[in-house]
Amino acid sequence: MLKSKASQNAADQRNITRLRVLEHIRTRGSISRIDIASALQTSPATVTAATADLISAGLIKEIQTEQQSKSAKRGRPRVLLQLNGGSYLVAGLKVARHVISVILVDFEGNEVTSYKHPLDDARMTPTAFVGTIREAMDQACAQIDETIDTLSGVSIGIAGLVDAERNFVHWSSSLTERNVDFSQFLESELPCPAFIENDANLVAKAEQLFGLGKGLKNFLVVTIEHGVGLGIVLDGKLYRGERGCGAEFGHTKVQLDGALCQCGQRGCLEAYVGDYALIREATVADQSTGTETVTEIHKNARSGDERAKSVLARAGQMFGLGISNLINLFDPERIILSGAQMDLEHLYSEEVMTRIRSGVVNVDTPLPEIKVHHWGDLMWAKGAAAYGIEQVSILKVKELATHAS
Ligand SMILES: [Zn+2]
């Protein structure tokens, strides 16, 4: 039976409120109903109804704490709400060139286990891609004596242009084909809901839920590794662009007819800053030995090698130029430089800061904060897990609405 538009709107509104309450509890850790109502500027009755629904879905739980009171020997117990960490198990995956990293987390984002699955081929057909993901997930679940059926959702991060709303990949360096609609592939291979998203967006999501973006409304996350990625959070929401092709910071141009980029164009920021670019520059500069890794370039620079120093300094200058363009465009509260293993010190040196300041339109207020976040090598998988938790929350809240109607 068709619902009336008014009742559909009311149901949508209830879902929005439930998700806002849930996200507020996630941000605060533990909080009372009355404090939620005042923070969200809504009525206590609305919060009471929303929290009752969230408790029934297993997403949150009540805890009793003793209220501190100097006058009374024993304070009145106070009821706080917390996420129900053990309620759902979610998987986050990052598909890189040589490995798939998997992390299983509880609903609070705590790591339950992690696993690395070696990859023979950096580029796969969509069928091989999904099959390999399935294998990696089975292995990760086996580590904790569970099966894939116990997962409430899996989120997959890949480099490239992704329309996350419909699990559609326009292009990725991990795939042999362009324009792949993954919804069918994932549904037939995996028993749980699955979500694909651009890897830099996932790191932005992790910064928002667990990291240096917590509680901020407008911030940018720049990821630097093989390429250069950007996640844009505006007014608390991830901005993806109309076709899912936005935020390609690595392919903004910093030099007319400049260095060749892996995208095929010239003068892209990534062609100066990405790790393949550093290796290429260092190798061209020093053909006698040939530099193989970014770590070696850093090591050489630290021990005084002028060529290595100049390769890193040039990357820093190009990066500073790019960051000043971002500040001119977005004027964010904070820019977070998120790295997994890579050494980032050449990207926030005093010389780079000077370059940034000289490129930002002059006003008499301080620059946005620039912070560095070293995540360790599970950064991308943790990012995927953060997005998975958010998507599972949305699904569970939608299920609530279906049961209630
Ligand atoms: Zn490019």
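Nothing here was measured: the structure is a model prediction, and the numbers come from that model.

## Quick notes on the packing of helix α9 (residues 294-302) against helix α10 (residues 306-330)
- Contact geometry of α9 with α10 gives a least axis separation of 7 Å together with a crossing angle of 115°. When the axes of α9 and α10 are compared, the crossing they make is left-handed. Touching I297, H298, N300 and A301 of α9 are A308, K309 and L312, all from α10.
- Along the lines of polarity and charge, the residues of the contact of α9 with α10 split into four nonpolar, two polar and one charged.

## What to know about the nonpolar core
- F129 and I156 are the most contacted members of the largest nonpolar core, which has 32 residues in total.
- Those elements that place two or more of their residues in this core are β4 (89-95), β5 (99-105), α4 (126-142), β7 (151-158), α5 (182-189) and β11 (194-198).
- When residues in this core are grouped by element, the largest group, seven residues, is from α4.
- Residues contacting F129, with those up to four places away along its chain left out, are V95, M124, I156, I158, S174, L175, F182 and I196.
- With 31 residues, the next largest nonpolar core counts I224, F319, V352 and V360 among its residues.

## Here's the deal with the sheet that holds strand β13 (residues 228-234)
- Here five strands make up an open sheet; going across it, the order is β14-β13-β12-β15-β16 and the pairing mixed. Two strands in the sheet have a free side with no partner beyond their single neighbour: β14 (237-239) and β16 (369-374). Within the sheet, the average angular offset between the axes of one strand and its neighbour, ignoring direction, is 25°.

## What to know about the coordination of the zinc ion
- Protein coordination at the zinc ion comes from H251 (ND1), C261 (SG), C263 (SG) and C268 (SG), with a distance range of 2.0 to 2.3 Å.
- What the four donor atoms of the zinc ion show is an angle range of 105 to 121° at the metal, which sorts the shape as tetrahedral.
- For the zinc ion, the single-chain donor residues occur in sequence as H-x9-C-x1-C-x4-C. With H251 in the loop between β14 and α7 (270-273) and C268 in the loop between β14 and α7, this residue pair connects regions lying 17 residues apart in the sequence.
- Residue C268 is classed as buried on the basis of its relative accessible area of 0%.

## Observations regarding the packing of helix α1 (residues 5-28) against helix α2 (residues 33-40)
- Closest axis-to-axis distance for the α1/α2 pair is 11 Å, and the angle between their directions is 110°. By the angle between their axes, α1 is roughly perpendicular relative to α2. The crossing of α1 and α2 is right-handed. Between α1, through R20, V21, H24 and I25, and α2, the contact on the second element is made entirely by I36, A39 and L40.
- In terms of residue class, the contact of α1 with α2 is made up of five nonpolar, one polar and one charged.

## Details of helix α6 (residues 199-209)
- Here α6 lies mainly inside the structure; 11 of its 11 residues are buried.
- Along α6, the residues classified as buried are D199, A200, N201, L202, V203, A204, K205, A206, E207, Q208 and L209.
- The N-cap residue of α6 is N198: its side-chain oxygen and the backbone nitrogen of A200 are 3.0 Å apart.

## Here's the deal with the environment of T147
- Note that T147 resides in the loop between α4 and β7.
- Spatially, the C-alpha atoms of T147 and M137 are 8.8 Å apart, while their sequence positions differ by 10 residues.

## With respect to the environment of I148
- Within the secondary structure, I148 is located in the loop between α4 and β7.
- Once the C-alpha coordinates of I148 and D275 are considered, the two residues, 127 residues apart in sequence, prove to be 35 Å apart.
- Not counting chain neighbours up to four residues away, the residues in contact with I148 comprise R134, M137, D138, C141, L190 and P191.

## Details of empty space enclosed by the protein
- According to the stated counting rule, one finds two cavities of 30 Å³ or more in the structure shown.
- The calculated volume of the second largest cavity comes to roughly 40 Å³.
- Y272, A277, L278, E281, V311, R314 and A315 are the residues that line the second largest cavity.
- For the lining of the second largest cavity, the elements supplying multiple residues, two or more each, are α8 (275-285) and α10.

## Side note on unusual backbone geometry
- One non-glycine residue, D235, adopts positive backbone phi at about 50°.
- Relative to the assigned elements, D235 resides in the loop between β13 and β14.

## A closer look at the domain arrangement of the protein chain
- Under the domain assignment used here, the protein chain contains domain 1 (5-83), domain 2 (93-204 + 380-401) and domain 3 (217-332 + 341-374).
- The C-alpha-based centres of domain 1 and domain 2 are spaced at 31 Å.
- Listed by partner, the interface residues are 12 residues for domain 1 and 10 residues for domain 2.
- Contact between domain 1 and domain 2 buries roughly 960 Å² in total, counting both sides, with carbon and sulfur atoms accounting for 75%.
- The largest share of the area that domain 1 buries against domain 2 comes from L19, R26 and L59, three residues that together contribute 45% of it.
- Our count for the domain 1 to domain 2 interface comes out at one residue pair in polar contact (both at pLDDT 80 or more).
- Where the side of domain 1 that touches domain 2 is concerned, the elements lending two or more residues are α1 and α3 (44-56).
- For the side of domain 1 that touches domain 2, the class distribution of residues is six nonpolar, two polar and four charged.

Reading guide: rules and limits
- Residues numbered from 1 in each chain as written.
- Predicted model: local features only at pLDDT ≥ 70, side-chain atom pairs only at ≥ 80, totals over all residues.
- Heavy atoms only, no water.
- Axes fitted to C-alpha atoms, helices over the stretch in contact; angles between N-to-C directions.
- Helix = DSSP H or I, 4+ residues; strand = E, 2+ residues; numbered from the N terminus.
- Left-handed = near helix turned anticlockwise from the far one by under 90°.
- Contact = heavy atoms within 4.5 Å.
- Nonpolar A, V, L, I, M, F, W, Y, C, P; charged D, E, K, R; others polar.
- Core = buried A, V, L, I, M, F, W, Y, C linked by side-chain atoms within 4.5 Å.
- Buried < 20%, exposed > 50% of the residue type's maximum accessible area, 1.4 Å probe, protein only.
- Pairing = 2+ DSSP bridges.
- Donors = N, O, S within 2.8 Å, 3.2 Å for Na, K, Ca; no water.
- Tetrahedral: all angles 85-135°; square planar, octahedral: opposite > 155°, others 65-115°.
- Parallel < 35°, antiparallel > 145°, perpendicular 65-115°, else oblique.
- Polar contact = N/O pair within 3.5 Å; in protein donor to acceptor, adjacent residues only side chain to side chain.
- 1 Å grid on protein atoms, 1.4 Å probe; cavity = no way out; pocket = protein on both sides within 12 Å on 5 of 7 lines; lining within 4 Å.
- Points joined across faces, edges and corners; volume = space filled by probe spheres on them.
- Domains from an automatic or database assignment.
- Buried area = accessible area lost by both parts, 1.4 Å probe.

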